[in-house]
Amino acid sequence: MSLGNDMPDDPGAPANTDPEGASPNEAEAAVDEARLAQETPDGDAPEGAVDGENVAEELDDIDAEVDGLQDDPDVAVESAEDDAARDLQDEGQTPVDDGAGAAAGAGAASPVEKQLEEMTADLKRVSAEYTNYRRRAERDRVATFELAKAQVASDLLPMADDFDLAEKHGDLKEEGPLKVFSDKFTKLIADLGVEKFGQEGDAFDPNFHEAVQDMSSGDEKIVATVLRAGYRMGDRVLRTAMVVIGDPE
């Protein structure tokens, strides 16, 4: 039954209030049509749709990847570092390179390197001081040995003077015990490096001759008489010769 003036019987119904509206049955039918439109002609789900079985398979794959990362932590760390580097690059930042930082810091000497350089310098200095010490010790040893030899030879010189006097008196002309002993003594001091000097006619040298009398009248002086012979050992004068100075003939 309708009211007058073409008023519908149910003015509040959607069909009466909204000309484009649909009834509940029509809305349900529209939903079914939309679902059917999304399916392929063969009746399969459209590409990108995920059913229950696909979700389970993907979950299994994720679990397998997680288990693999747990078995190999190094791979997980590297993957995390790679992801962080990619994130920084996406944000426009430069990732920190440990190798580059180490190379930049290589120019500055570390405390260990400085300590090593100091210890090396100390070692070189000690080595040089030890080398100098060895040279001084060797030089002192040789000098001490030569001084001891010179002292022994100096103590034997009075005996050499006695043999010189015996020779002047003719006691060493004949073979005998004194002659044998004199020859052995002469050989002994010769083996020590002792040399005899001071002969008549030699030029006078105050470094080697001790003048007890000067009988010369000119500038040129020679040894006129040898009162006591002189002896030297190498460059060392053990005793100067005692002489009388005269003019050359």
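It should be emphasised that the depicted structure is a prediction, and the values quoted were computed from it without experimental measurement. (Residues numbered from 1 in each chain as written. Predicted model: local features only at pLDDT ≥ 70, side-chain atom pairs only at ≥ 80, totals over all residues. Heavy atoms only, no water.)

**With respect to the overall build of the chain**
Part 1 of the argument: Looking only at helices and strands, the chain has seven helices and six strands in total.
Part 2 of the argument: For the chain, the α and β elements follow one another from N to C terminus as α-α-α-α-α-α-α-β-β-β-β-β-β.
Part 3 of the argument: Each of the 249 residues in the chain was classed as buried or not, and the buried ones make up 13%.
Part 4 of the argument: Considering only intrachain contacts with a sequence separation of at least 6, the fraction spanning at least 24 residues in the chain is 57%.
Part 5 of the argument: Of the roughly 19400 Å² that the chain leaves accessible, carbon and sulfur atoms contribute 52%. (Helix = DSSP H or I, 4+ residues; strand = E, 2+ residues; numbered from the N terminus. Buried < 20%, exposed > 50% of the residue type's maximum accessible area, 1.4 Å probe, protein only. Contact = heavy atoms within 4.5 Å. Areas by Shrake-Rupley, 256 points an atom, 1.4 Å probe, with all protein chains shown as cover.)

**Digging into the sheet that holds strand 2 (residues 209–214)**
Part 1 of the argument: If you walk across this open sheet you meet the three strands as 2-6-3, and the pairing is mixed. Lying at the two open borders of the sheet, with one neighbouring strand each, are strand 2 and strand 3 (222–228). Averaged over all pairs of adjacent strands, the angle between their axes in this sheet comes to 40°, without regard to strand direction.
Part 2 of the argument: Both strand 3 and strand 6 (residues 241–246) contribute to a ladder of five bridges, which runs antiparallel. Paired with Arg228 across the two strands is Met242, which belongs to strand 6. (Pairing = 2+ DSSP bridges. Axes fitted to C-alpha atoms, helices over the stretch in contact; angles between N-to-C directions.)

**Comments concerning the packing of aromatic side chains**
Part 1 of the argument: In this structure the tally under the stated criterion is four aromatic pairs.
Part 2 of the argument: Ring centres 5.6 Å apart and planes at 80° place the aromatic pair Phe197 and Phe208 in the edge-to-face group. A residue pair is termed long-range when its members are at least 10 positions apart, and Phe197 in strand 1 (residues 194–197) and Phe208 in the loop between strand 1 and strand 2 qualify at eleven residues.
Part 3 of the argument: We classify Phe197 as buried; its relative accessible area is 7%.
Part 4 of the argument: Ring-pair connections join several aromatic residues into one group, and the members of that group are Phe163, Phe181 and Phe185.
Part 5 of the argument: When the ring centre of Phe208 is taken as reference, the NZ or CZ atom of Arg232 above it lies at 5.5 Å. (Phe/Tyr/Trp six-rings, centres within 6.5 Å; stacked < 30°, edge-to-face > 60°. Lys NZ or Arg CZ within 6 Å of the ring centre and 35° of its normal.)

**Some points on helix 7 (residues 177–191)**
Part 1 of the argument: For helix 7, spanning 15 residues, the distance from its first C-alpha to its last is 21 Å, which sits close to the expected 21 Å at 1.5 Å a residue.
Part 2 of the argument: Three or more residues of helix 7 are buried, namely Ser182, Phe185 and Ile189. Seen along its axis, helix 7 keeps its buried residues to an arc of 65°; they face one direction. Turned more than 90 degrees from where helix 7 packs its buried face, Pro177, Lys184, Lys187 and Asp191 sit exposed.
Part 3 of the argument: Of the surrounding secondary structure, the elements contacted by the buried residues of helix 7 are helix 6 (111–168) and strand 1.
Part 4 of the argument: Once helix 7 finishes, Gly193 follows within two positions and takes phi at roughly 90°, a positive value. (Expected span 1.5 Å × (residues − 1). Arc of directions from axis to C-beta.)

**What about the nonpolar core?**
Part 1 of the argument: With 13 residues, the main nonpolar core has Ala153, Phe185, Ile189, Val194, Tyr231, Met233 and Leu238 as its most contacted residues.
Part 2 of the argument: Within the residue set of this core, elements represented by two or more residues are helix 6, helix 7 and strand 4 (230–233).
Part 3 of the argument: Broken down by element, this core gets its largest block of residues, six residues, from helix 6.
Part 4 of the argument: Setting aside residues up to four positions removed in sequence, Phe185 forms contacts with Leu156, Met159, Ala160 and Phe163.
Part 5 of the argument: Among the nonpolar cores identified, the runner-up in size contains five residues, and Val223, Val226, Ala241 and Val243 belong to it. (Core = buried A, V, L, I, M, F, W, Y, C linked by side-chain atoms within 4.5 Å.)

**Examining the pairing of strand 6**
Part 1 of the argument: Burial analysis of strand 6 places five of its six residues in the buried class, the great majority of the element.
Part 2 of the argument: Across five bridges, strand 2 lies against strand 6 in parallel orientation. Bridge assignment links Ala211 to a residue of strand 6, and that residue is Val243.

Spatial relationships are all this shows, so hold off on functional conclusions.
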